[in-house]
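# Reading the structure
Here are the chains, one letter per residue:
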Amino acid sequence: MSAAIGTVTEQAAIRQARQRRPASKRWTRFLLPAYSWLIIAYLVLPIAVMIMYSFNKVTSGLQQVSFAWNGFTTQWYQQWSNVPGLTSAFWLSIRLAVASTLLATVIGTLLALALVRYRPPRFRGKTFVEQVIFLNIAAPEIVLGASLLGLFVTISMVRGFATLLLAHVAFSIAYVAITVRARLAGFDRSLEEAAHDLYANAWTTFRKITLPLIMPGVLAGALMAFAISIDDFVTSNFVSGNSTPFPVWVYGATRIGIPPQVFVFGSAIFSFGILCAIASIVVSRRKA
Amino acid sequence: MLAPYLLSLPGGLWLVVLFLVPLIVMLSLSLQRCNPGTGACVMTWHWAEFSQQVSLYHAQFLNSFYFAGAATLIDLVVSFPIAYWIAFHGGNKKNFFLLMLLVPFFVSFVIRTIVWEFILSDHGVFLGTLKNAHLLPQSFHVLATGYAVIAGLAYNYLPFTALPLYVAIERIDKRVLDAAYDLYAARRSAFAKVILPLTVPGLFAAFLLTFIPALGDYVNQQVLGGTGDTMIGSVIQDQFLTQLDYAGGSALSAVLLAIALIGIFAYARLLGSRTIEEYL
Amino acid sequence: MTERNSSEPNESAIDPSIWRGLTQPRLSRRQLLSSAGAGAGALGLAGILSACGVKGVTATSGKVKPGSAGSASWWAKQKPTKTVNFANWPYYIDVLKGKHLSLEHLAATTGITVNYTEPINNNIPFYAKIRPSLAAKQSTGYDIIVMTNNSPALGYLIDFGWLTPLDQAAMTNFYKYAGPLVKNPAWDPGNKHTMAWQSGWTAIGYNSSVIKNPGTSVGILFDRKYAGKVGMMSDPQELGSVGLLAIGVEPATSTESDWAKAAKKLNQQKSDGIVRAYYDQDYITHLKNGDTVVSQAWSGDIFQADLNSKYRDLHLLIPSEGGMFWTDNMCIPMYSQNPRSAMTVMDYFYQPQIEAVVEYYNDYVCPVPDAKQVLLHPTGWAKTALKEMYPEIQLATSVTADAPTVFPTQQYVKNSRSYYQYKSQEELTAWNNLFVPITQGA
């Protein structure tokens, strides 16, 4: 009898436990998702406003963004190059971002490879490198910018595109390294060893086996580097000298009034970034 | 044999020359005396520079602490549910949601802040409608107050909090939660007694990774703030670019970095030195 | 802007001994230690830290040596070139749908193409950008730059010999047409280095729909009635000067104790919560959208805002205490690649026909009084250009011609006040130490 009672109570307990689970669906089905979408909407709000106001008409007077809605127009997309200083600032930022991304991705990927594969005592100084990377990411950006300006002033290096590039690569390497390293975590070395067994030398192995496999991670790192380079204001403001990257131009223009073309360029960069991100997701899905 | 060193050579060299060396130069500049007009700086071992600058601008340091701290706390509270949801219930759409969190970064942060200035403007879309409906007094304003600065900081640094939190929560083995339920834990106590304690190191990491960068921010305050809100980043920028006082600016910058390092070392002491790097 | 005695125009106003003291190395601790035979370890860090020094510059005496850049013989050797790089402040030249009619006419009549950019938002940060090139004796990339007389930057450039002395013989239009306010000015006697581009007043802008009776005093900026809605400028020269005006002192003859009193008044204004914020050029945006109802303002901005029907309520008030009168000056940085053509361009703008077109857009104080007649009765090229610009500007040219803020009347000239001229770097530092913390203060 005790066994029967035991079974009954056991089954009741299981039933009770199962009944507890459905209650959680209120949270997981409705509240949490709703909240999360709300937060995402909040994050996207200024961008939506920016895109919307790139189509806003401007009343007579200076061609500046008017924050009252005056009517729909695509003229700013047609006259996108009407503000010469802005257009050259935009292209400068693009050139800078491309150059910085290329350099930072290569250097950062190599660094990530080193960090993932080797440990002390084989890799002496690994801890030091990791700490430097961490410090680079965690330090306030104004310290990075100010110290770089101090360096350039001390060695009397004229500030311009070169200093911008040096600075951008400097702060991008760490981000690329950690992004690629995170993606490399599950990398299977046995494939490389198999290639080695088949008499492939190190370079061929890297080119034909390793690189294709880590490519999604490398692309993610490149995307990260591109985004932070094109977005960067604080460091660029310190080391740009005579040249004017896009965010620095926009910040200067806020002092007087931004032309609508700023929103046009902002929307363009945004769309490009979204496309790249979607592409990278699609690519990684296919590879998986 | 040399592989790890060769692989890390370009990156290591770049970081040493363009990150560590500038920090040493910054320390050196702090001890010099600079002339704004000529740009000449002479080494005078002026150790008093640090205390002088801090006493001149201690109020701005406090402002920075207050604003960055408030924004970080808000971010922590706001990000935790979304990080939890993506980690536990994101399924195979996790990457997509994480991407949505990063989407703001594709637009220049200056533009984002300017648009916030518009959204929060005294008679703009948001406040204007409320004022017209007489729900708010006409003289009410958010801009040019500390609240606008905190709101701007919280917005701009949200991904800095959400992503480390996500990493932390994602690491938790879901089976631990199942075990708790099996032991008749109610939802609330399962969360409070199992999940939350496991995320504590992640919470601290997210706090540091948001607070420290926000400490040095100044754009939010300059666009959205008023008088009396000045943050230390604004002073440093002004000294380097307008006053041309490289020594003073470097000294303040060095103090800011020292504060950041103290925070990181405190974390390392309390929770183990390697863990914070895992949250990047 | 540095003070000059008319009897000794070449004497540097900033005492050379001050520069010497500041720029020559002192005995560093490293040298002391090494002579005392201290340990190598201590030398290591000390050596690294003290090795980072920044080379500076010593002031020149201002005299132009024969044969050096800027002397008559040097100018005789300069050949005209096809391009001139002109750096200016934003919205400071006539613009019509992205074109500059005055520059197009220049290209048509002289063959010189002007590469016109607007990188200057602030005097000292721009000076900081070009200083490294100048210190390294390299071209800054600019042939003409525009610096304000109330900023230390212009003083530094002149004192360190970083501006090419102008070719007086080539300044024919200037000497024929320049107005009294800009000829032989206090900050550059004999126009050795500068020719004015535009001038203006820093006075008070207010919203007349909110403030019906502004009165005539600068005290309106300190009025508690408008607490939280007053805009002030963040530039320490502008802020300090208005503080001096508010305590009834003429800035040009003020003393350091006056400055302290002015700073006290400004601090009081801030702690009373009267100021909404300290602005750069963006004060005008906040006046326009109602964040502030009264603000320190530049005369041309208010005029331009007035043109727009939405902002017709914005008016300029030059108080009885005076409005600060500043001048933006064209000058040629040293090591410029195209000095001869730069002179041509600078002198070109002193033709009344050209200035009329520029002024029609700018609405600041015109350095060429004869342009007024051109605006009232346009002829020739100016007539065509003004007609082309009319649809965008929507203003009869006579309005610009009759505006006292563009062509000042005697009354307006009487109400103009000059900025204080610093006699040394110490004075400038003392001034800044009083006023910068107000804007940067927490």
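Look above for the structure.
Residues numbered from 1 in each chain as written. Chains lettered and ligands numbered in written order. Predicted model: local features only at pLDDT ≥ 70, side-chain atom pairs only at ≥ 80, totals over all residues. Heavy atoms only, no water.

## Things to note about the pattern of salt bridges
The criterion, for reference: Here a salt bridge means any side-chain nitrogen of Lys or Arg lying within 4 Å of a carboxyl oxygen belonging to Asp or Glu. Helix and strand labels come from DSSP, where a helix needs a run of H or I of at least four residues and a strand needs a run of E of at least two; each type is numbered from the N terminus. Only protein chains enter the accessibility calculation, which uses a 1.4 Å probe. A residue is then buried if its area is under 20% of the maximum for its type, exposed if over 50%, and partly exposed in between.
Throughout the structure, instances matching the rule amount to 10 salt bridges over all chains. A salt bridge links Arg-112 of chain B to Asp-231 of chain A; the nearest nitrogen and oxygen atoms lie 3.3 Å apart. Taken as a pair, Arg-112 of chain B in helix 4 (residues 109-119) and Asp-231 of chain A in helix 8 (residues 202-231) lie in two separate chains rather than in one. For Asp-231 of chain A, a relative accessible area of 11% translates into the label buried. Asp-173 of chain B is paired through a salt bridge with Arg-175 of chain B; the nearest N and O atoms lie 2.7 Å apart. On the basis of relative accessibility, which here comes to 34%, the residue Asp-173 of chain B falls in the partly exposed class. The exposure class of Arg-175 of chain B is exposed, given its relative accessible area of 60%. Through salt bridges with shared partners, a single ionic network connects Asp-122 of chain B together with Arg-276 and Asp-291 of chain C.

## Here we look at unusual backbone geometry
In the Ramachandran plot, Lys-137 of chain C falls in the positive-phi region, its phi being about 60° despite a non-glycine side chain. By the secondary structure assignment, Lys-137 of chain C is in the loop between helix 6 (123-135) and strand 3 (145-148).

## Concerning a nonpolar patch on the surface
The criterion, for reference: Patches in this entry comprise residues that are over 30% relatively accessible and not in a salt bridge; like charges within 9 Å are linked, as are nonpolar side chains (Val, Leu, Ile, Met, Phe, Trp, Tyr) within 5 Å. Surface exposure here means Shrake-Rupley accessible area, sampled with a 1.4 Å probe, where a residue is shielded only by the protein chains that are shown.
Where nonpolar side chains cluster on the molecular surface, the patch consists of Phe-128 of chain A together with Leu-2, Leu-6, Leu-9, Leu-13, Val-16, Val-17 and Val-21 of chain B and spans about 720 Å² of accessible area. The biggest single contributor to the nonpolar patch is helix 1 (residues 3-30) of chain B, with six residues. Relative to the helices and strands, Val-16 of chain B resides in helix 1.

## Topic: the packing of aromatic side chains
Just so we agree on the cut-off: Only rings of Phe, Tyr and Trp enter the pairing, Trp through its six-membered ring, and a pair is recorded when the two centres are within 6.5 Å. The plane angle decides the type: under 30 degrees is stacked, over 60 is edge-to-face, the rest tilted.
One pass over the full model with this rule turns up 55 aromatic pairs over all chains. Both rings, one in Tyr-42 of chain A and one in Tyr-155 of chain B, keep their centres 5.5 Å apart while their planes meet at 85°; by these two values the pair is edge-to-face. Residue Tyr-42 of chain A is located in helix 1 (residues 2-53), and its partner Tyr-155 of chain B is located in helix 6 (residues 146-171); the two belong to separate chains. Between Trp-298 of chain C and Trp-326 of chain C, the aromatic rings sit 6.1 Å apart at their centres with planes inclined by 70°, giving edge-to-face as the arrangement.

## Some words on the nonpolar core
To keep things clear, this is the line we draw: Residues belong to one nonpolar core when they are buried, are Ala, Val, Leu, Ile, Met, Phe, Trp, Tyr or Cys, and are joined through side-chain atoms within 4.5 Å. Contacts are assigned to residue pairs with any non-hydrogen atoms lying within 4.5 Å of each other.
In terms of nonpolar packing, the biggest core is built from 311 residues, with Ile-133 of chain A together with Phe-86, Val-294 and Phe-349 of chain C touching the most fellow members. No other element matches the 17 residues that helix 2 (residues 48-89) of chain B contributes to this core. Aside from chain neighbours lying at most four places away, what touches Val-294 of chain C is Ile-204, Gly-205, Tyr-206, Ile-211, Ile-220, Leu-221, Tyr-226, Lys-229, Val-230, Gly-231 and Leu-287 of chain C. Ranked by size, the runner-up nonpolar core spans five residues in total, among them Trp-201, Ala-203, Phe-325 and Val-365 of chain C.

## Some thoughts on the packing of helix 7 (residues 190-197) of chain A against helix 8 of chain A
When two helices pack together, their arrangement is given by the angle between the helix axes and the distance between those axes. Residue and element names in this part refer to chain A. Under the convention used in this document: With axes taken as lines fitted to C-alpha atoms, and helix axes fitted only over the stretch in contact, angles between N-to-C directions fall between 0 and 180 degrees. Just so you know how the angles are binned, under 35 degrees is roughly parallel, over 145 roughly antiparallel, 65 to 115 roughly perpendicular, and the rest oblique. Left-handed describes a crossing whose near helix is turned anticlockwise from the far helix by less than a right angle; the clockwise case is right-handed. When residue character is reported, Ala, Val, Leu, Ile, Met, Phe, Trp, Tyr, Cys and Pro are called nonpolar, Asp, Glu, Lys and Arg charged, and the others, Gly included, polar.
Contact geometry for helix 7 and helix 8: axes closest at 10 Å, N-to-C directions at 165°. Classified by the interaxial angle, the pair formed by helix 7 and helix 8 is roughly antiparallel. Crossing geometry of helix 7 relative to helix 8 is assigned as right-handed. On helix 8, the residues that touch Leu-191, Glu-192 and Ala-195 of helix 7 are Thr-205, Ile-209, Thr-210 and Leu-213. A class-by-class count of the residues in the contact of helix 7 with helix 8 yields four nonpolar, two polar and one charged.

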